[in-house]
Amino acid sequence: TPLKSEEAIRSAVKNLVEEVHVVDVHTHLFPPNHGKLMLWGIDELLTYHYLVAEYFITAPATITPEKFFALEKQAQADLVWDSLFIQRSPISEACRGVITTLTELGLGELVERRDLNEVRKWFAKQTPEGYVDKVFELAKIKYVLTTNIPFEKKETVHWYPKAKEFDTHRFQTGLRVDQLLTGNWESIKEALDEMGIEHTIEGVKKLLEKWITIMKPKYFMAAVPPTLEFPSDEEMSTYAPSTINSATLLRRVLLPLAEQHHLPIALKFDSVRPINPALREGGDGVVTTKVSTLQKLCLNYPKVKFLATFLARVNQHELCVLANKFGNLHIYGCWWYCNNPSIVEEITRIRVELLGTAFTSQHSDARVLDQLIYKWKHSKAVIGGVLQDMYVKLFHAGWSLTREEIQRDVERLFGGAYEEFMEK
Ligand code: REL
Ligand code: ZN
């Protein structure tokens, strides 16, 4: 039965978005059996690189990044807490996220008392396994995609020579290959040596094929360095066969492998790393690169599927137009510095207006398990609001809507469209 009024539509959309279980198409999470790589709990939340960067804007000159990072995690967290939550109100998006998370976990009273030590005691009573269940349930997660880097020893020990079981029901893998696009030959060489593979272009292919067999990834993923230009055929033909750089690794390794193994490539554009190295993970910046790099990829490689997200706000409109032209391109999420309510709202409006439901409205990029709770709650509030407006406009245009129809669309925007794209 069609919904009869604007109010009925608004309340149905609000409720359906709140209740939908999401596919989180990009995170940096690990399952419990990956030991220390799984980050969770209050001290990890407080030392998230977004908060550390924010902390340093307020920190006294005596606390340099070197000194800060030399401290124990808990001591780092104490500094962040005192500066960003006690000395001033935690109104930034990253700070508010900590509060939303704790409140949703039922720790509102401890937050009210600003009692960090009691919060720590609560976390100390959780087990990693039990906590994964709790967070997935609270955040309403179907499954997440993880970031798995075959060039990072601390990660690969969990896979090779003997792979640990991966809870693929809730954690699916993504093979992260930034080293190819940055042409980081040093670290590629190390990975080749580890497996006793020769140092050639063919060798890099073999290496990645091994990792495909081991990790069973759903896609390749890489951040695109701002300097990477799509190489022309002419440029490619002038490279000596032995030349190994990002252009050859892209055109002779990554793209052919993606095609052969039917693995989409998820790309992230517009980050520049680092602009302030002292801040470590928090030191990366944003830069506006050319959307046409992606257009050339989509056009020249029609058999390869691309997932893409851009960090620069100004590129969002151009990206939508591109996605409207290429069936082998799927847009996902509002990345990092775009994952702020004001920008999520703007981006979501443009996307719905140009693409309907053929995109993935958000990914969390969570590094700390608990962040799933706030990242999804905050995003859903904004995206849900935008959708309410869209459906009301459609209703006033003369289109009747049922709850089931809205539910179908909402499911697409929070994971279904991604799954349809992956199955294409
Ligand atoms: O996957 C990436 O390249 C980025 O999302 C991360 O490197 C970044 O640090 C992340 O935590 C941002 O949200
Ligand atoms: Zn990420």
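As the structure is a prediction and not an experimental result, all values here were calculated from the model. (Residues numbered from 1 in each chain as written. Chains lettered and ligands numbered in written order. Predicted model: local features only at pLDDT ≥ 70, side-chain atom pairs only at ≥ 80, totals over all residues. Heavy atoms only, no water.)

### Focus: the overall build of the protein chain
Then, number 1: Across its full length, the protein chain holds 20 helices and 10 strands.
Then, number 2: Scaling as 2.2 N^0.38, a compact globule of 424 residues should have a C-alpha radius of gyration of about 22 Å, and the protein chain matches this with 22 Å.
Then, number 3: Referenced to the eigenvectors of the C-alpha coordinate spread, the extents of the protein chain come out at roughly 65 × 60 × 40 Å.
Then, number 4: Buried residues in the protein chain amount to 54% of all 424 residues.
Then, number 5: With the model as given, the accessible surface of the protein chain reaches about 18,800 Å², and the carbon-plus-sulfur share is 53%.
Then, number 6: Here the protein chain contributes 50 positively and 55 negatively charged side chains, and the mean placements of these two sets differ by 1 Å. (Helix = DSSP H or I, 4+ residues; strand = E, 2+ residues; numbered from the N terminus. Rg over C-alpha atoms; globule rule 2.2 N^0.38 Å. Buried < 20%, exposed > 50% of the residue type's maximum accessible area, 1.4 Å probe, protein only. Areas by Shrake-Rupley, 256 points an atom, 1.4 Å probe, with all protein chains shown as cover. Lys, Arg positive; Asp, Glu negative; His and termini not counted. Charge placed at Lys NZ, Arg CZ, Asp CG, Glu CD.)

### A few points about the site of ligand 1
Then, number 1: What surrounds ligand 1 is the set His26, His28, Tyr48, His49, Tyr50, Arg176, Lys268, Arg273, Trp335, Trp336, Asp365 and Arg367.
Then, number 2: Contact with the protein chains removes 96% of the 330 Å² of surface that ligand 1 exposes when unbound.
Then, number 3: Of all the cavities here, the one that holds ligand 1 is the largest pocket.
Then, number 4: Looking at which domains feed residues into the shell around ligand 1, each of domain 1 (42-125) and domain 2 (146-331) gives three or more. (Near = heavy atom within 4 Å. 1 Å grid on protein atoms, 1.4 Å probe; cavity = no way out; pocket = protein on both sides within 12 Å on 5 of 7 lines; lining within 4 Å. Sits in = over half its atoms within 2 Å of the grid points. Domains from an automatic or database assignment.)

### What to know about the layout of surface pockets
Then, number 1: In this model, the largest pocket occupies a volume close to 1,400 Å³.
Then, number 2: Contributing to the lining of the largest pocket are 44 residues, with His28, His49, Lys154, Glu281 and Arg367 lying nearest its centre.
Then, number 3: When residues of the lining of the largest pocket are traced back to their parent elements, those giving at least two are α3 (49-58), α4 (65-70), α5 (73-86), α10 (153-156) and α11 (178-181).
Then, number 4: Element by element, the count of residues in the lining of the largest pocket is highest for α3, at three residues.
Then, number 5: When grouped by side-chain class, the residues that make up the lining of the largest pocket number 18 nonpolar, 11 polar and 15 charged. (Points joined across faces, edges and corners; volume = space filled by probe spheres on them. Nonpolar A, V, L, I, M, F, W, Y, C, P; charged D, E, K, R; others polar.)

### Some remarks on the packing of aromatic side chains
Then, number 1: This model, assessed by the stated rule, comprises 21 aromatic pairs.
Then, number 2: A ring pair is formed by Phe166 and Phe171, whose centres lie 6.5 Å apart and whose planes are at 70°; its orientation type is edge-to-face. Across the pair, exposure class does not vary: Phe166 and Phe171 are buried alike.
Then, number 3: Ring centres 5.8 Å apart and planes at 50° place the aromatic pair Trp335 and Trp336 in the tilted group.
Then, number 4: The exposure class assigned to Trp335 is buried, which follows from its relative accessible area of 2%.
Then, number 5: Assessed through its relative accessible area of 9%, Trp336 is described here as buried.
Then, number 6: Cluster of aromatic residues (ring-pair linked, three or more members): Tyr48, Tyr50, Trp335, Trp336 and Tyr337. (Phe/Tyr/Trp six-rings, centres within 6.5 Å; stacked < 30°, edge-to-face > 60°.)

### Looking at the sheet that holds strand β1 (residues 22-24)
Then, number 1: Pairing within the open sheet is parallel, and its three strands lie in the order β1-β2-β3. Across the chains shown, the open sheet's two edge strands, defined by having one partner strand only, are β1 and β3 (171-172).
Then, number 2: Here β1 runs beside strand β2 (residues 141-145); their pairing, made up of three bridges, is parallel. For Val22, the partnering residue across the bridge sits in β2 and is Ile141.
Then, number 3: Helix-sheet contacts for helix α9 (residues 128-139) involve β2 and β3, and the interaxial angle to β2 is about 110°.
Then, number 4: Lying over the sheet, helix α20 (residues 403-423) contacts β1 and β2, oriented at roughly 65° with respect to β1. (Pairing = 2+ DSSP bridges. Contact = heavy atoms within 4.5 Å. Axes fitted to C-alpha atoms, helices over the stretch in contact; angles between N-to-C directions.)

### Details of the sheet that holds strand β4 (residues 174-176)
Pairing between the strands of a sheet comes from backbone hydrogen bonds, and it takes one of two forms, parallel or antiparallel.
Then, number 1: Strands sit in the order β4-β5-β6-β9-β10 across an open sheet of five strands; the sheet is parallel. Only two strands of the sheet have a single neighbouring strand rather than two, namely β4 and β10 (329-331). For this sheet, the mean inter-axis angle between neighbouring strands, taken without regard to orientation, is 25°.
Then, number 2: Where strand β6 (residues 265-269) and strand β9 (residues 306-310) come together, five bridges link them in parallel fashion. Across the sheet, residue Leu267 finds its bridge partner in β9, namely Ala308.

### Brief notes about the coordination of the zinc ion (ligand 2)
Then, number 1: Coordination of the zinc ion (ligand 2) by the protein comes from His26 (NE2), His28 (NE2) and Asp365 (OD), over a distance range of 2.0 to 2.1 Å.
Then, number 2: In primary-sequence terms, the residues that donate to the zinc ion (ligand 2) follow H-x1-H-x336-D.
Then, number 3: Residue class for His26 comes out buried when judged on its relative accessible area of 0%. (Donors = N, O, S within 2.8 Å, 3.2 Å for Na, K, Ca; no water.)

### Side note on helix α8 (residues 116-124)
Then, number 1: When we look at burial in α8, the residues that qualify are Leu116, Val119, Arg120, Trp122 and Phe123. Viewed along the axis of α8, the buried residues span an arc of 160°, placing them on a single side of the element.
Then, number 2: On its buried face, α8 sits against α2 (42-46), α5, α6 (93-104), α7 (108-112) and α9. (Arc of directions from axis to C-beta.)

### Notes on the nonpolar core
Then, number 1: Judged by nonpolar contacts, the single largest core of 135 residues is most densely connected at Leu180, Phe220, Leu267, Leu294, Phe306 and Leu372.
Then, number 2: Counting contributing residues, this core receives three or more from each of domain 1 (42-125) and domain 2 (146-331).
Then, number 3: Ignoring sequence-local partners within four residues, the contact set of Leu267 consists of Leu181, Ala222, Val224, Leu294, Leu297, Phe306, Leu307, Ala308, Thr309 and Tyr332.
Then, number 4: Residues Val25, Tyr143, Met221 and Ala266 belong to the second largest nonpolar core, which totals 12 residues. (Core = buried A, V, L, I, M, F, W, Y, C linked by side-chain atoms within 4.5 Å.)

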